[in-house]
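# Structure at a glance
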Amino acid sequence: MYSYDNEISQVYSNNLVNVSTKKLNKLEACVDLYNMKSVANGSRVEYNIYLFLLKDIKALLNEFGLCEMSVSNICHMLHEDVNTLDFYVNFYSYRKASFDVKTMNELEQIALEHYNISEMHYLRSFYDIRYVDKRIPVLKKKLGLKISKDDSIANEKEEMLNTFFRDKLKPFVMNLNAYLATQFIITEDGIVPEESYLTEDEMFQIYIRFTNLFKKYVDKEYYHCFYKAICQSVINRYK
């Protein structure tokens, strides 16, 4: 039997390392494989993980004595690959959210107490009520617990991250010296590099700490995209 799950998994494995941000619009067509129009229609991929990571990555690299120019260069080199990972976080969370009809119905009931059907037709988000109705934070908390306890979601994220770590992040971090923008300065000892090259042990320490940061922010982004997809699917019922 033909399996869409196998197809998208193969697309993910084959393209994670090589795809660039410019090619993401082509990959977004994969959403059609899951007949996800009711969820994805009106939604946009938000590339938040890189923004979440940026401050922490800079602070981490500064701990190892890298100069500002080297840190900036490393962050720039990571940008497209992190955005590629972010696309898949969006995609898989949208797909999973498309089956959570119970949460959609709960949110719809709350929304209909604040908007009439005509207003729902023109809505783009539930921003206006998320701080007004106390049931929204409760619903979001329940959703967060549901996501955290779902083994299929945990396995999906683990596989996604392990592929990214193995095929992209580790080779990149273990070759960080190639991306240093070392400047030379004049000291009493003569002309010396402003920063020392990283040892293999130091690069491995950076890699391990990078993986912890990615796990943290992928979890955060997955939840954000999942809830956004729930909201969008409710709004799309009235389009």
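What counts, and at which threshold
Residues numbered from 1 in each chain as written. Predicted model: local features only at pLDDT ≥ 70, side-chain atom pairs only at ≥ 80, totals over all residues. Heavy atoms only, no water. Helix = DSSP H or I, 4+ residues; strand = E, 2+ residues; numbered from the N terminus. Buried < 20%, exposed > 50% of the residue type's maximum accessible area, 1.4 Å probe, protein only. Contact = heavy atoms within 4.5 Å. Areas by Shrake-Rupley, 256 points an atom, 1.4 Å probe, with all protein chains shown as cover. Phe/Tyr/Trp six-rings, centres within 6.5 Å; stacked < 30°, edge-to-face > 60°. Salt bridge = Lys/Arg side-chain N within 4 Å of Asp/Glu carboxyl O. Expected span 1.5 Å × (residues − 1). Axes fitted to C-alpha atoms, helices over the stretch in contact; angles between N-to-C directions. Parallel < 35°, antiparallel > 145°, perpendicular 65-115°, else oblique. Left-handed = near helix turned anticlockwise from the far one by under 90°. Nonpolar A, V, L, I, M, F, W, Y, C, P; charged D, E, K, R; others polar. pLDDT = per-residue confidence, 0-100.

What follows concerns the overall build of the protein. The helix and strand tally for the protein stands at 10 helices and 2 strands. What you see in the protein, going N to C, is helices and strands ordered as α-α-α-α-α-α-α-α-α-β-β-α. Across the 239 residues of the protein, 44% fall into the buried class. Contacts in the protein between residues far apart in sequence, at least 24 positions, make up 80% of those at least 6 positions apart. When the accessible surface of the protein is totalled, it reaches about 13700 Å², and 52% of it is carbon and sulfur.

Enumeration according to the criterion identifies 11 aromatic pairs in this entry. The interplanar angle of 75° and the centroid separation of 6.3 Å between the aromatic rings of Phe165 and Phe214 together place this pair among those described as edge-to-face. With a gap of 49 residues between them, Phe165 in helix α9 (residues 151-173) and Phe214 in helix α10 (residues 200-236) connect regions that are remote in the sequence. Across this residue pair, the class does not change: Phe165 and Phe214 are buried. Ring centres 6.1 Å apart and planes at 40° place the aromatic pair Phe204 and Tyr207 in the tilted group. Highlighted residues: Phe204 and Tyr207, both in helix α10, separated by 3 residues, approximately one helical turn. The class for Phe204 is partly exposed, based on a relative accessible area of 38%. Classification of Tyr207 by relative accessible area gives buried; the value is 11%. Each member of the aromatic cluster is reached from another via a ring pair, and the members are Phe87, Tyr88, Phe91 and Tyr92.

Here the focus is the pattern of salt bridges. Under the criterion given, the structure shown has 10 salt bridges. Between Asp100 and Lys146 there is a salt bridge, with the nearest N and O atoms lying 3.1 Å from each other. Separated by 46 residues along the polypeptide, Asp100 in the loop between α5 (68-97) and α6 (101-111) and Lys146 in helix α8 (residues 135-149) bring together distant segments of the chain. Residue Glu113 is joined to Arg135 by a salt bridge in which the shortest nitrogen-to-oxygen separation is 2.7 Å. With Glu113 in the loop between α6 and α7 (117-122) and Arg135 in helix α8, the pair connects residues that are 22 residues apart, well separated along the chain. By relative accessible area, Arg135 is classed as partly exposed at 35%. Connected via shared salt-bridge partners are Glu113, Asp133 and Arg135.

The subject of this paragraph is α8. Its 15 residues place the ends of α8 21 Å apart at the C-alpha level, agreeing with the 21 Å of an ideal helix rising 1.5 Å per residue. Of the surrounding secondary structure, the elements contacted by the buried residues of α8 are α6, α9 and α10.

Next up on the list: the packing of helix α4 (residues 49-63) against α10. Running from N to C, α4 and α10 point in directions that differ by 160°, and their axes come no closer than 10 Å. It follows from the interaxial angle that α4 and α10 lie roughly antiparallel. Once α4 is placed against α10, the crossing between them reads as right-handed. Note on element contacts: α10 touches α4 through Ile206, Arg209, Phe210, Leu213, Phe214, Tyr217, Val218, Lys220 and Glu221, opposite Ile49, Phe52, Leu53, Asp56, Ile57, Leu60, Leu61 and Glu63. Its residues placed into classes, the contact of α4 with α10 shows 12 nonpolar, no polar and 5 charged.

Okay, the confidence of the model for the protein next. The predicted model of the protein has a mean per-residue pLDDT of 82, with 76% of residues at 70 or higher. Predicted confidence is poor over residues 1-29, with pLDDT under 50, and the contacts of this stretch with residues over four places away or in other chains come to 47 contacts. For the stretch residues 31-38, pLDDT sits under 50, and the model shows 19 contacts to residues farther than four places along the chain or on other chains.

In this section: the environment of His76. Along the chain, His76 turns up in helix α5. Relative accessible area serves as the criterion here: at 56%, His76 is assigned to the exposed category. In this structure the C-alpha to C-alpha distance between His76 and Leu54, which are 22 residues apart in sequence, comes to 9.9 Å.

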